[in-house]
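Read off the chains here:
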Amino acid sequence: MTAQILDGKKLAQTVKEELKTKIAALPSAPALAVIIVGTDPASEIYVRNKEKACQAVGIAPQTHKLPAETSKEELAALIKRLNNTPDINGILIQLPLPAHLNAAEILPLISPEKDVDGFHPVNVGKLLQKDTETFIPCTPKGIIKLIKSAKPDITGLNAVVIGRSQIVGLPVAHLLLNENCTVTVAHSKTKNLPELCRTADILVAAVGKPELVTKEYIKPDSLIIDVGINRTANGLKGDVNFADALETAAYVTPVPGGVGPMTIAMLLDNTVAAYLKQNRP
Ligand code: GUN
């Protein structure tokens with residue numbers, strides 16, 4: 001059998017069209033500040049894509065490009081200024097930061113009310129408490145939306161998440177738990193990974209290892225989410241061998257065109273939510 005491809009680009013387009021209509025009815029444009037420190041080429045592309053996506057739906061992007069040698073104090077001063085600017089609704093710091101800047105020290109400086117990435121400790125805590133008002137990190141939020149577009153009720157399913165990052169693995173595991181899945185988080189020290197993955201009705205691969213997930217990892221008729229964006233000598237590859245997933249699973253996300261576009265759509269969604277929260281009558 002051939003798996004159905006979960007088209008993230010198309011679903012993201014639908015989300016963006018809904019947001020565009022919603023934004024057109026607002027008294028002013030929501031604004032998103034994006035901070036990039038240094039010149040990492042991949043980060044520069046992500047930031048440019050975020051700017052374009054903002055403009056397409058009517059969000060005003062404000063990009064702050066800082067030199068790689070920016071000090072913690074200088075970055076903190078910019079964040080403080082943006083926190084105190086009422087016209088800025090959301091603040092995002094593109095990761096990774098240069099080595100001398102510690103994300104764990106920097107991210108908590110963003111006001112939780114403007115933390116559209118959902119990385120502030122207060123918002124991470126709210127996610128664990130199933131607070132539906134909090135900002136949910138964009139990639140995990142997009143993954144759940146993609147999964148539910150194929151399977152609206154995932155109660156009781158076995159989910160395996162490969163990878164335990166703060167940005168994807170950990171939050172997506174909690175969101176799957178909140179959807180009543182039985183969740184296992186696998187990582188570099190996990191034993192018998194293929195065998196464990198073969199128990200997964202839903203498999204989320206978020207490790208950054210090109211085509212790690214092959215046929216022996218995939219349960220027949222399962223749903224596979226590929227979060228990997230690996231630039232290899234043979235071009236862009238996900239964490240999943242796409243041909244193997246197509247052959248074995250029931251649903252699979254492509255790379256590119258799967259999770260990536262959903263991440264950006266969820267950033268826009270979080271920015272509109274921030275605007276609405278900050279402008280409550
Ligand atoms: N770098 C890779 N993914 C992300 C993300 O979701 N947010 C930010 N700010 N940086 C990233």
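Residues numbered from 1 in each chain as written. Predicted model: local features only at pLDDT ≥ 70, side-chain atom pairs only at ≥ 80, totals over all residues. Heavy atoms only, no water.

Student: What is the right way to read the overall build of the chain from this model?
Tutor: Of the regular secondary structure elements, the chain holds 10 helices and 11 strands. In summary, the chain has a C-alpha radius of gyration of 19 Å against a globular reference of 19 Å for 281 residues, a match within 12%. Principal-axis analysis of the C-alpha atoms gives the chain an extent of 55 × 40 × 35 Å. Going through the 281 residues of the chain one by one, you find that 47% of them count as buried. If you take every contact in the chain between residues at least 6 apart in sequence, the share linking residues at least 24 apart comes to 71%. Total accessible area on the chain stands at roughly 13,300 Å², and carbon and sulfur atoms take up 53% of it. In the chain, the 30 positive side-chain charges and the 28 negative ones have mean positions that sit 1 Å from each other. (Helix = DSSP H or I, 4+ residues; strand = E, 2+ residues; numbered from the N terminus. Rg over C-alpha atoms; globule rule 2.2 N^0.38 Å. Buried < 20%, exposed > 50% of the residue type's maximum accessible area, 1.4 Å probe, protein only. Contact = heavy atoms within 4.5 Å. Areas by Shrake-Rupley, 256 points an atom, 1.4 Å probe, with all protein chains shown as cover. Lys, Arg positive; Asp, Glu negative; His and termini not counted. Charge placed at Lys NZ, Arg CZ, Asp CG, Glu CD.)

Student: Would you mind showing me how to read the site of the ligand here?
Tutor: Around the ligand, the neighbouring residues are Leu92, Ile93, Gln94, Leu95, Asp117, Phe119 and Ile167. Within the contact set of the ligand, a nitrogen atom lies 3.5 Å away from a side-chain nitrogen or oxygen of glutamine 94. Between the ligand and leucine 95 there is a distance of 3.0 Å, counted from a nitrogen atom to a backbone nitrogen or oxygen. Here the ligand, which alone exposes 280 Å², has 81% of that area covered by the protein. (Near = heavy atom within 4 Å. Polar contact = N/O pair within 3.5 Å; in protein donor to acceptor, adjacent residues only side chain to side chain.)

Student: Where do I start with the sheet that holds strand S7 (residues 202-205) in this structure?
Tutor: In a beta sheet, neighbouring strands are held together by backbone hydrogen bonds and run either parallel or antiparallel to one another. In spatial order, the strands read S1-S11-S8-S7-S5-S6; together these six strands make up an open sheet with parallel pairing. Each edge of the open sheet carries a strand with a single partner, namely strand S1 (4-5) and strand S6 (182-186). Pairing analysis gives four bridges linking S7 to strand S8 (residues 223-226), with the strands arranged parallel. Looking across to S8, one finds that alanine 205 is bridged to aspartate 226. Running over the sheet, helix H7 (residues 169-178) touches strand S5 (158-162), S6 and S7 and is turned about 175° from S5. (Pairing = 2+ DSSP bridges. Axes fitted to C-alpha atoms, helices over the stretch in contact; angles between N-to-C directions.)

Student: What exactly am I supposed to notice about the nonpolar core here?
Tutor: What tends to happen in soluble globular proteins is that the nonpolar side chains get buried as a cluster. Judged by nonpolar contacts, the single largest core of 53 residues is most densely connected at Ile143, Leu176, Ile202, Val204 and Ile225. Those residues in contact with leucine 176, other than ones at most four positions away along the chain, are Ile144, Ile147, Ile154, Ala159, Val161, Cys181, Val183 and Val204. (Core = buried A, V, L, I, M, F, W, Y, C linked by side-chain atoms within 4.5 Å.)

Student: Sorry, what's going on with the packing of aromatic side chains here?
Tutor: Centre-to-centre distance and the angle between the planes together describe a pair of aromatic rings. Counted by the stated rule, this structure contains zero aromatic pairs. In this arrangement the basic side chain of lysine 277 is found over the ring face of phenylalanine 135, its NZ or CZ atom lying 4.1 Å from the centre. (Phe/Tyr/Trp six-rings, centres within 6.5 Å; stacked < 30°, edge-to-face > 60°. Lys NZ or Arg CZ within 6 Å of the ring centre and 35° of its normal.)

Student: I'm lost on the side chain of threonine 70 in this one. Help?
Tutor: Mapped onto the secondary structure, threonine 70 falls in the loop between strand S3 (60-66) and helix H3 (72-83). Given the relative accessible area of 4%, threonine 70 is considered buried.

Student: Help me understand unusual backbone geometry in this model?
Tutor: Negative phi characterises most residues that are not glycine, and trans characterises most peptide bonds. Omega for the peptide link from leucine 95 to proline 96 comes to 0°, which places this bond in the cis form. Note that proline 96 resides in the loop between strand S4 (90-93) and helix H4 (103-106). Geometrically, the link from valine 255 to proline 256 is a cis peptide bond, its omega value of 0° lying close to zero. Of note, proline 256 is situated in the loop between strand S11 (251-252) and helix H10 (259-278). Positioned with a positive phi, asparagine 192 is a non-glycine residue whose angle comes to about 50°. Mapped onto the secondary structure, asparagine 192 falls in the loop between S6 and helix H8 (193-197). By relative accessible area, asparagine 192 is classed as exposed at 52%.

Student: For this particular structure, what's the right way to read the side chain of histidine 64?
Tutor: When you line up the elements, histidine 64 lands in strand S3. For histidine 64, a relative accessible area of 14% puts it in the buried group. Not counting chain neighbours up to four residues away, the residues in contact with histidine 64 comprise Ala33, Val34, Ile35, Ile36, Leu78, Arg81 and Leu82.

Student: How should the pattern of salt bridges be read in this particular structure?
Tutor: Two side chains that carry opposite charge are able to pair once their charged atoms sit near each other. Counting across every chain of the model gives seven salt bridges. Residue glutamate 247 pairs with lysine 215 through a salt bridge whose shortest N-O separation is 2.5 Å. With glutamate 247 in helix H9 (residues 242-248) and lysine 215 in the loop between S7 and S8, this residue pair connects regions lying 32 residues apart in the sequence. (Salt bridge = Lys/Arg side-chain N within 4 Å of Asp/Glu carboxyl O.)

Student: Is there a simple way to explain the layout of surface pockets in this structure?
Tutor: A probe as big as a water molecule, rolled over the atoms, marks out the empty space that is left. Quantified by volume, the second largest pocket comes out at close to 650 Å³. In terms of lining, the second largest pocket is formed by 26 residues, of which the most central are Thr132, Thr134, Ile136, Lys141 and Asp269. Secondary-structure elements contributing two or more residues to the lining of the second largest pocket are helix H1 (8-24), helix H6 (138-150), H7 and H10. It is H10 that contributes the most residues to the lining of the second largest pocket, seven residues altogether. Taken together, the residues of the lining of the second largest pocket sort by class into 11 nonpolar, four polar and 11 charged. (1 Å grid on protein atoms, 1.4 Å probe; cavity = no way out; pocket = protein on both sides within 12 Å on 5 of 7 lines; lining within 4 Å. Points joined across faces, edges and corners; volume = space filled by probe spheres on them. Nonpolar A, V, L, I, M, F, W, Y, C, P; charged D, E, K, R; others polar.)

Geometry only, nothing functional implied.
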